[in-house]
Amino acid sequence: MHAGRTWEERCPYNGYVNPYESPKSECAALPSTADNSRHLYFGWFVVFLFNLGVPLIFGWPLTEEGGRSGLFAGALALFLLGCALCAWLRPAGRALVVGGVVVGLSQILPFLQIMAGVAGLSSIEILGFGRSPHGDATLFVVTVVTGGLLMAVALVVGLAVRGVLAMRRGEAR
């Protein structure tokens, strides 16, 4: 019936749903992106907090001689990176949240988190900060590298889960 016409051509309300449209109309059936994004941000917030357990257990003792503000700044940078993914690349944001749940559950046996932490600690020596992980700049780097690796794993796992579910539904291309 509407072959070849886009949603904008069929429902010319400048991207907004007409509140007076019949509930059975396809124009009224458009989901609100504001509600979806709010759920995605909340999901990212919960998953981010859920994944702080093991990294903080191992990272907090490193801040006894200073560097807590670097640790918090790194955590904030990672949280904002996740928010940016949720805002600008929604499919990647959804995959990050789904994969983040899997990575968070892996904290029961924290091999992945320990390996990411070792890579983070190794990065400061490679970047010339020395071997001691003390100080704001050093712990910022350790936090961003460690969390960045865990976020990358979460994104890959989330995309894999999405691909497997699409194949099971027969949506694979």
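Definitions and cut-offs
- Residues numbered from 1 in each chain as written.
- Predicted model: local features only at pLDDT ≥ 70, side-chain atom pairs only at ≥ 80, totals over all residues.
- Heavy atoms only, no water.
- Helix = DSSP H or I, 4+ residues; strand = E, 2+ residues; numbered from the N terminus.
- Buried < 20%, exposed > 50% of the residue type's maximum accessible area, 1.4 Å probe, protein only.
- Contact = heavy atoms within 4.5 Å.
- Areas by Shrake-Rupley, 256 points an atom, 1.4 Å probe, with all protein chains shown as cover.
- 1 Å grid on protein atoms, 1.4 Å probe; cavity = no way out; pocket = protein on both sides within 12 Å on 5 of 7 lines; lining within 4 Å.
- Points joined across faces, edges and corners; volume = space filled by probe spheres on them.
- Nonpolar A, V, L, I, M, F, W, Y, C, P; charged D, E, K, R; others polar.
- Axes fitted to C-alpha atoms, helices over the stretch in contact; angles between N-to-C directions.
- Parallel < 35°, antiparallel > 145°, perpendicular 65-115°, else oblique.
- Left-handed = near helix turned anticlockwise from the far one by under 90°.
- Phe/Tyr/Trp six-rings, centres within 6.5 Å; stacked < 30°, edge-to-face > 60°.
- Disulfide = S-S within 2.5 Å.

(A) Spotlight on the overall build of the protein. The number of helices and strands found in the protein is seven helices and zero strands. The secondary structure elements of the protein, listed N-terminal to C-terminal, are α-α-α-α-α-α-α. Within the protein, buried positions represent 31% of all 173 residues. Sequence-distant contacts in the protein: of pairs separated by 6 or more residues, those separated by 24 or more amount to 67%. Summed over its atoms, the accessible surface of the protein is roughly 11100 Å², and 69% of this surface lies on carbon and sulfur atoms.

(B) Structural view of the layout of surface pockets. For the largest pocket, the calculated volume is near 690 Å³. What lines the largest pocket is a set of 32 residues, and nearest its centre among them are Pro55, Leu56, Thr146, Gly147 and Leu150. When residues of the lining of the largest pocket are traced back to their parent elements, those giving at least two are helix H2 (33–50), helix H3 (53–59), helix H4 (68–88), helix H5 (90–105), helix H6 (111–126) and helix H7 (136–169). With eight residues, the top contributor of residues to the lining of the largest pocket is H7. Looking at the lining of the largest pocket residue by residue, the classes come out as 24 nonpolar, eight polar and no charged.

(C) Seen up close, the packing of H6 against H7. Put simply, H6 and H7 touch, their axes get as near as 8 Å, and they point 140° apart. Classified by the angle their axes make, H6 and H7 are oblique. The two elements H6 and H7 cross, and the hand of that crossing is right-handed. Mapping the contact onto sequence places Leu112, Gln113, Ala116, Gly117, Ala119, Gly120, Leu121, Ser123 and Ile124 in H6 and Thr138, Val141, Val142, Val145, Thr146, Leu149, Leu150 and Val153 in H7. In terms of residue class, the contact of H6 with H7 is made up of 11 nonpolar, six polar and no charged.

(D) Layout of the packing of aromatic side chains. One pass over the structure, following the stated rule, counts five aromatic pairs. Taking the centre distance of 5.5 Å and the plane angle of 55° together, the rings of Trp44 and Phe48 count as tilted. In this pair, Trp44 and Phe48 are both assigned in helix H2, four residues apart and thus about one turn of the helix distant. Across the pair, exposure class does not vary: Trp44 and Phe48 are buried alike.

(E) The arrangement of the side chain of Thr138 in detail. Turning to its location among the elements, Thr138 is positioned in helix H7. You can call Thr138 buried: its relative accessible area is 7%. Beyond its immediate chain neighbours, meaning those up to four positions away, Thr138 contacts Ile124, Phe129, Ser132 and Pro133.

(F) Seen up close, the side chain of Ser123. Within the secondary structure, Ser123 is located in helix H6. For Ser123, a relative accessible area of 11% puts it in the buried group. Every residue in contact with Ser123, bar those within four places of it in the chain, is listed here: Val141 and Val145.

(G) Geometry of the state of the cysteines. A full pass over the atoms with the stated rule returns zero disulfides. Considering cysteine sulfurs only, Cys86 is the nearest to Cys83, which forms no disulfide, with 6.3 Å between them. Taking the relative accessible area as the measure of exposure, Cys83 reaches 17% and is therefore buried. A residue is classified by how much of its surface remains accessible, and Cys86, at 1% relative accessible area, is buried.

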